[in-house]
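Listed below are the residues making up each chain.
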Amino acid sequence: MSDTQRPREPVSSDPLLLTPEEAATVLRLGRTTVYALMKAGDLHPVHIGRSCRLSRSELERYVRGLEAPRTAPRALRRSVTTTDQRGLFELDPTSPDAA
């Protein structure tokens, strides 16, 4: 078949790029939350002129990141903090206030 006779694949009706408002609807979040996620760097928008859009693949990447296990290796885990405050108010003997 030549290119003129080959049937074309139907174009998906789903848009590739979404406005932040449309992305909020897809993610079932508020519009303000989507803008906050973009500002924090969690969502990476595409800028076209003065327009800001989010790709479907970016939304899927964000959701996959949320689903990832959150257990960190032992070396990266935070140490347990204590409430021992005995040393907080002891002055250093070399401090001018110690006299």
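This text follows the structure it describes.
What counts as what
Residues numbered from 1 in each chain as written. Predicted model: local features only at pLDDT ≥ 70, side-chain atom pairs only at ≥ 80, totals over all residues. Heavy atoms only, no water. Axes fitted to C-alpha atoms, helices over the stretch in contact; angles between N-to-C directions. Helix = DSSP H or I, 4+ residues; strand = E, 2+ residues; numbered from the N terminus. Parallel < 35°, antiparallel > 145°, perpendicular 65-115°, else oblique. Left-handed = near helix turned anticlockwise from the far one by under 90°. Contact = heavy atoms within 4.5 Å. Nonpolar A, V, L, I, M, F, W, Y, C, P; charged D, E, K, R; others polar. Core = buried A, V, L, I, M, F, W, Y, C linked by side-chain atoms within 4.5 Å. Buried < 20%, exposed > 50% of the residue type's maximum accessible area, 1.4 Å probe, protein only. Pairing = 2+ DSSP bridges. Salt bridge = Lys/Arg side-chain N within 4 Å of Asp/Glu carboxyl O.

Draft legend 1. Quick look at the packing of helix α1 (residues 20-27) against helix α3 (residues 56-67). Look at α1 against α3: their axes get within 11 Å of each other, and the N-to-C directions meet at 45°. Accordingly, the angle class assigned to the pair α1 and α3 is oblique. Of the two elements, α1 crosses α3, and the hand of that crossing is right-handed. Contacts between α1 and α3 pair A23, V26 and L27 from the former with R56, L59 and V63 from the latter. Here the residues of the contact of α1 with α3 sort into five nonpolar, no polar and one charged.

Draft legend 2. Fine view of the nonpolar core. Among the nonpolar cores identified, the biggest contains 12 residues, and these are L18, A23, A24, L27, V34, L37, M38, L43, C52, L54, L59 and Y62. For this core, the secondary structure elements donating two or more residues are α1, α2 (31-40), β3 (51-55) and α3. Leaving out residues up to four positions away in the same chain, A23 has contacts with L18, V34, L54 and L59.

Draft legend 3. A look at the environment of T32. When you line up the elements, T32 lands in helix α2. The class of T32 is exposed, set by a relative accessible area of 60%. In this structure the C-alpha to C-alpha distance between T32 and E21, which are 11 residues apart in sequence, comes to 8.9 Å.

Draft legend 4. Seen up close, the sheet that holds strand β2 (residues 46-48). The sheet built from three strands is open, its strands ordered β1-β3-β2 with antiparallel pairing. Here the strands that pair on one side only, and so sit at the sheet edges, are β1 (17-18) and β2. Taken together, the two bridges between β1 and β3 define a ladder with antiparallel strand orientation. Counted as the bridge partner of L17 is S55 from β3.

Draft legend 5. Spatial organisation of unusual backbone geometry. Here the phi dihedral of R28 falls at roughly 60°; this positive angle occurs in a residue that is not glycine. The residue R28 is located in the loop between α1 and α2 in this model.

Draft legend 6. The pattern of salt bridges, seen in detail. The tally for this structure, following the rule as stated, stands at one salt bridge. Among the ionic pairs, R61 bridges to E58, the shortest N-O distance being 2.5 Å. Of this pair, R61 and E58 both sit in helix α3, three residues apart, roughly one helical turn. A relative accessible area of 33% means that R61 is categorised as partly exposed.

Function-wise, these values are silent; they only describe arrangement.
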